[in-house]
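Overview (structure and organization)
Spelled out, the chains give:
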Amino acid sequence: MTSLADRPVDPVVGVPVPHESAALHVTGTALYTDDLVVRHQDVLHAWPVQAPHAHAHVRELRTAPALEVPGVVRVLTAADVPGVNDSGTKHDEPLFPAEVMFYGHAVCWVLGETQEAARRGADAVEVDYEPLPSLVTVAEAVEAGSFQGGQPTVSRGDTGTALGTAAHRFSGEFEFGGQEHFYLETHASFAYVDEGGQVLVHCSTQHPTETQEIVAHVLGLHSHEVTVQCLRMGGGFGGKEMQPHGYAAVAALGSVLTGRPVRLRLNRTQDLTMSGKRHPYHARWEAGFDESGRLQALEATLTSDGGWSLDLSEPVLQRSLCHIDNAYWIPHVQVHGRIAKTHKTSQTAFRGFGGPQGMLVIEEVMGRCAPLLGVDPTELRHRNLYVPGQTTPYGQPVRHAERLRTIWTQLLDRAEVERRREEITAFNAAHPDTKRALAVTPVKFGISFNLTAFNQAGALVHVYKDGSVLINHGGTEMGQGLHTKMRQVAATALGVPLETVRLAPTRTDKVPNTSATAASSGADLNGGAVKNACEQIRDRLAEVAARKFDIHPDDVRFVDGTVTGIGFTDREISFAELAHDAYFQRISLWAAGYYRTEGLHWDAARMQGEPFKYFSYGASVSEVEVDGFTGAYRLLRTDIVHDVGDSLSPLIDVGQIEGGFVQGAGWLTLEELRWDVSDGPHRGRLATQAASTYKLPSFSEMPEEFNVHLFEQATESGVVYGSKAVGEPPLMLALSVREALREAAAAFGPGGRSVELASPATPEAVFWAVQESRRAGTADAAGHAAAPAASAAR
């Protein structure tokens, strides 16, 4: 066995190849869960009955009228559940609730011969509700003392003393919004019972094993009686890590009760009003700096809006606390976290999993405090970057911290920041109603699940007698290119051409007990398992080849489908021929691989330990132009240098960096979730229910010039082929856009002012920030004009 990070000569990993389903995607022939429905007969369609209250008791549910609607077959209610009426892992999410907990909560589901029949049947169901008081905002929940889950604290040193002795001390608070996943494919499940009584569920899920477990306990079955398959997802972004389970359980329950296949696919409005989002937060902070502008202490309280149930709110909050330092050394820290319980959708995982929220807090601190300290924000950030030998507030050494400063320096050089700043100064002097600014922000993001047990994976690899290869692994493909990377890992480990490797859909009956494809760990975990399985097979084949060549097995080499020995120029055999020979020598050509991340330990109660295998580093510089009359802005240019270790698939990684950055910019500048907070009849209703009211980033929001560079000479030891995760860390690079907007707004007024900017920094929010800067400028001018007259009067 080779070490996990070692690469052979001419590996297939590291080669830029297209996404394995790219041609299928662009031609419309890629199959998704809902596409499988047409291959089956007598399919029933599920439709929810959604409650029109944020909080209410279900006093009576009358389903008989629905059964009179032509085409309606059955109405599913709590009375139909043979197992446990719960779709969550914390036992706080009734599948069929007796108490409505958010506007749009599904109280029952109607099955119809057609989707239209099911919809009309749902309209016919009669429900008597007893409306109850509701909490819709974080402020309302805090005032009512409505919290759920644990209240963790990350601490180090003595913040009270450090703040008391700090040369400069600042405080503030702000709220920032959540984010809708808006994946192209909405939640979808398709379930049927096969001839052997096995419940088969096709599901758009990032966590097939957990979907399997929830379906089994709702049906009162064992896990081996339920199989979940995920062919591929049309996007997930964390929204399909926990939330598909209930929909899959409804489809499976309907199929078991009717004996017919059941399709459940939410339309866009249903998906928006029923599924969870990124957690909105409220943050209160106090920070201390020394005379040179170095952070000395930070005290903060983060309150997340968890919605009506816990879902993943606890680990999301933990990761926020673990990332509130971002890339900065803070000697004294005390950060408290708590989860508000509100009558809204249960908020859930979203790319970054709480890390972006924590990082946004410290970048708010840096952006607000820099002008008050009289230090350029870029210099302030650079001055506070981690250096080797320092540890995080939760006790983990920051390995390779020197990369932060190297990346920073590289970025400023590649982006020509010094020259462009001179141009911006000249532009601003000539344009009183339009201002430009640029900002630089770093990223340090920990890779691994906070829950140590999740850091394991399995794989099943088959080599056939003709030398072709089939791999199964526990990861799911949501467009991020995981399957592409796994094919490259297998081809490299076996020494075969990429085209000879095929990947099978993710299924719980092939690789069991898998973790979610989340936490940016998909390639690390499943890549380790695939490599392990392939090396088992390769080592067996090396024994066969060694006997044939009369050499030691360690001297056998597998390169591009050809097997030879060290120093041989005239003796070789094809991989296919060797596989054929091995079969007739009764040598196993398949293997189950396994991998677990070593070196992790985490005490969640104390919030101390080493929860992450490594940190991904990066930095970005963004330049914006703001219109002072409207607050509208252009993102003129973004430059990124990002550390992905030794890339497994450079084309995939660059695409992930670009996509992650744009999604982060959407969260920070454009995407605004709004609920009805009035006392009217629609209190708690999501107001942004479609793309017409919920603004998503598009081509027009892309940087007009976009440069992405993969940090070089960045091998990460102990990770598959020396690579690093790339899924989540790039999202936080978009913090440079928000900070550039803050600086552009500041340019409309006098210097030395702390500019407050809402998040998301929509054009409206930027407009009000510009107005505040202009007012400050007017006030300063009035003060200067009045000063000579006052002097003369004396």
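With that settled, consider the pairing of strand β16 (residues 332-340). Where strand β7 (residues 147-148) and β16 come together, two bridges link them in antiparallel fashion. Within β16, the residue paired with glutamine 148 across the bridge is isoleucine 339. Both strand β8 (residues 153-156) and β16 contribute to a ladder of four bridges, which runs antiparallel. Directly across from valine 154, in β16, lies its bridge partner valine 335. Here strand β15 (residues 295-305) pairs with β16 via nine bridges, running parallel.

So, on to the packing of aromatic side chains. Across all of its chains, the model carries 17 aromatic pairs by this definition. Consider the rings of phenylalanine 182 and tyrosine 694, whose centres lie 6.3 Å apart with planes at 5 degrees: the pair is stacked. Linking phenylalanine 182 in the loop between β9 (168-176) and β10 (188-193) with tyrosine 694 in the loop between α17 (650-669) and β30 (705-710), this pair joins segments that are 512 residues apart in sequence. Just as phenylalanine 182 is buried, tyrosine 694 falls in that class too. Between the aromatic rings of phenylalanine 549 and phenylalanine 568, the centroid separation amounts to 5.6 Å while the plane-to-plane angle is 85 degrees, which identifies the pairing as edge-to-face. Placement of phenylalanine 549 in helix α15 (residues 522-549) and of phenylalanine 568 in the loop between β23 (562-565) and β24 (572-574) is noted, with a sequence separation of 19 residues between them. Residue phenylalanine 549 is classed as buried on the basis of its relative accessible area of 4%. Members of the aromatic cluster, each reached through a chain of ring pairs, are Tyr394, Trp602, Phe612 and Phe615. When the ring centre of phenylalanine 748 is taken as reference, the NZ or CZ atom of lysine 435 above it lies at 6.0 Å. Its end group placed over the ring of phenylalanine 427, arginine 436 keeps NZ or CZ at 3.9 Å from the ring centre.

What follows is about the side chain of serine 736. With respect to the helices and strands, serine 736 occurs in helix α18 (residues 735-746). Take serine 736: its relative accessible area is 0%, and that puts it in the buried class. Within the local environment of serine 736, its side chain forms a polar contact with the backbone oxygen of leucine 733, the two atoms lying 3.1 Å apart.

Averaged over every residue, the pLDDT of the protein is 96; residues scoring 70 or more account for 98%. Here residues 786-794 is modelled with pLDDT under 50, and outside its nearest four sequence neighbours on either side it reaches zero contacts, counting other chains as well.

The omega torsion of the bond from serine 759 to proline 760 falls at 10 degrees, within 30 degrees of zero and hence cis. Following the sequence through the fold, proline 760 ends up in the loop between α18 and α19 (763-793). Even without being a glycine, phenylalanine 182 presents a positive backbone phi close to 50 degrees. Under the relative-accessibility criterion, phenylalanine 182 is labelled buried at 15%. Although it is not a glycine, phenylalanine 353 sits at a positive phi angle of roughly 55 degrees.

Once that is clear, we can look at the side chain of threonine 211. Tracing the backbone shows threonine 211 in helix α6 (residues 208-219). Look at threonine 211 and you get buried, because its relative accessible area is 0%. When near neighbours in sequence (up to four residues on either side) are disregarded, threonine 211 contacts Cys203, Thr205, Val228, His245 and Ala248.

Taken as a whole and judged by the stated rule, the model has 53 salt bridges. Here arginine 169 makes a salt bridge to glutamate 286, at a shortest N to O gap of 2.4 Å. Of this pair, arginine 169 sits in strand β9 while glutamate 286 sits in strand β14 (residues 281-289), and the two are 117 residues apart along the sequence. Exposure remark for arginine 169: the relative accessible area of 46% places this residue in the partly exposed category. Aspartate 679 is paired through a salt bridge with arginine 683; the nearest N and O atoms lie 4.0 Å apart. Judged by relative accessible area, which is 75%, aspartate 679 ranks as exposed. A relative accessible area of 13% means that arginine 683 is categorised as buried. Taken together, the salt bridges that share partners define one network made up of Glu363, Glu364, Arg368, Arg381, Arg738, Glu739, Arg742 and Glu756.

Okay, the packing of α17 against α18 next. Here α17 crosses α18 at 40 degrees, and the two axes come no closer than 8 Å. As the angle between them shows, α17 and α18 are arranged oblique. Contacts between α17 and α18 involve Phe661, Leu668 and Thr669 on the former and, on the latter, Leu735, Ser736, Val737, Arg738 and Leu741. Here the residues of the contact of α17 with α18 are counted per class, giving five nonpolar, two polar and one charged.

So, about the sheet that holds β30. Judged by pairing direction, the sheet is mixed, and its four strands sit side by side in the order β17-β28-β29-β30 without closing on themselves. The sheet is open, and its two edges are formed by β17 (434-447) and β30, each paired on a single side. Neighbour-to-neighbour, the strand axes of the sheet open up by a mean angle of 15 degrees, direction not taken into account. Here strand β28 (residues 614-627) pairs with strand β29 (residues 633-642) via nine bridges, running antiparallel. In the strand pairing of β29, glycine 618 is matched with histidine 642. On the sheet, α17 packs against β28, β29 and β30 and is oriented at approximately 130 degrees with respect to β30.

Moving on to helix α14 (residues 482-494). Helix length check: α14 (13 residues) gives 18 Å between terminal C-alpha atoms against 18 Å at 1.5 Å per residue, within 8%. Counting buried positions along α14 gives 13 out of 13 residues, so the element sits mostly inside the fold. One or two positions beyond α14, positive phi appears at glycine 495, with a value near 70 degrees.

Definitions and cut-offs
Residues numbered from 1 in each chain as written. Predicted model: local features only at pLDDT ≥ 70, side-chain atom pairs only at ≥ 80, totals over all residues. Heavy atoms only, no water. Pairing = 2+ DSSP bridges. Helix = DSSP H or I, 4+ residues; strand = E, 2+ residues; numbered from the N terminus. Phe/Tyr/Trp six-rings, centres within 6.5 Å; stacked < 30°, edge-to-face > 60°. Buried < 20%, exposed > 50% of the residue type's maximum accessible area, 1.4 Å probe, protein only. Lys NZ or Arg CZ within 6 Å of the ring centre and 35° of its normal. Polar contact = N/O pair within 3.5 Å; in protein donor to acceptor, adjacent residues only side chain to side chain. pLDDT = per-residue confidence, 0-100. Contact = heavy atoms within 4.5 Å. Salt bridge = Lys/Arg side-chain N within 4 Å of Asp/Glu carboxyl O. Axes fitted to C-alpha atoms, helices over the stretch in contact; angles between N-to-C directions. Parallel < 35°, antiparallel > 145°, perpendicular 65-115°, else oblique. Nonpolar A, V, L, I, M, F, W, Y, C, P; charged D, E, K, R; others polar. Expected span 1.5 Å × (residues − 1).

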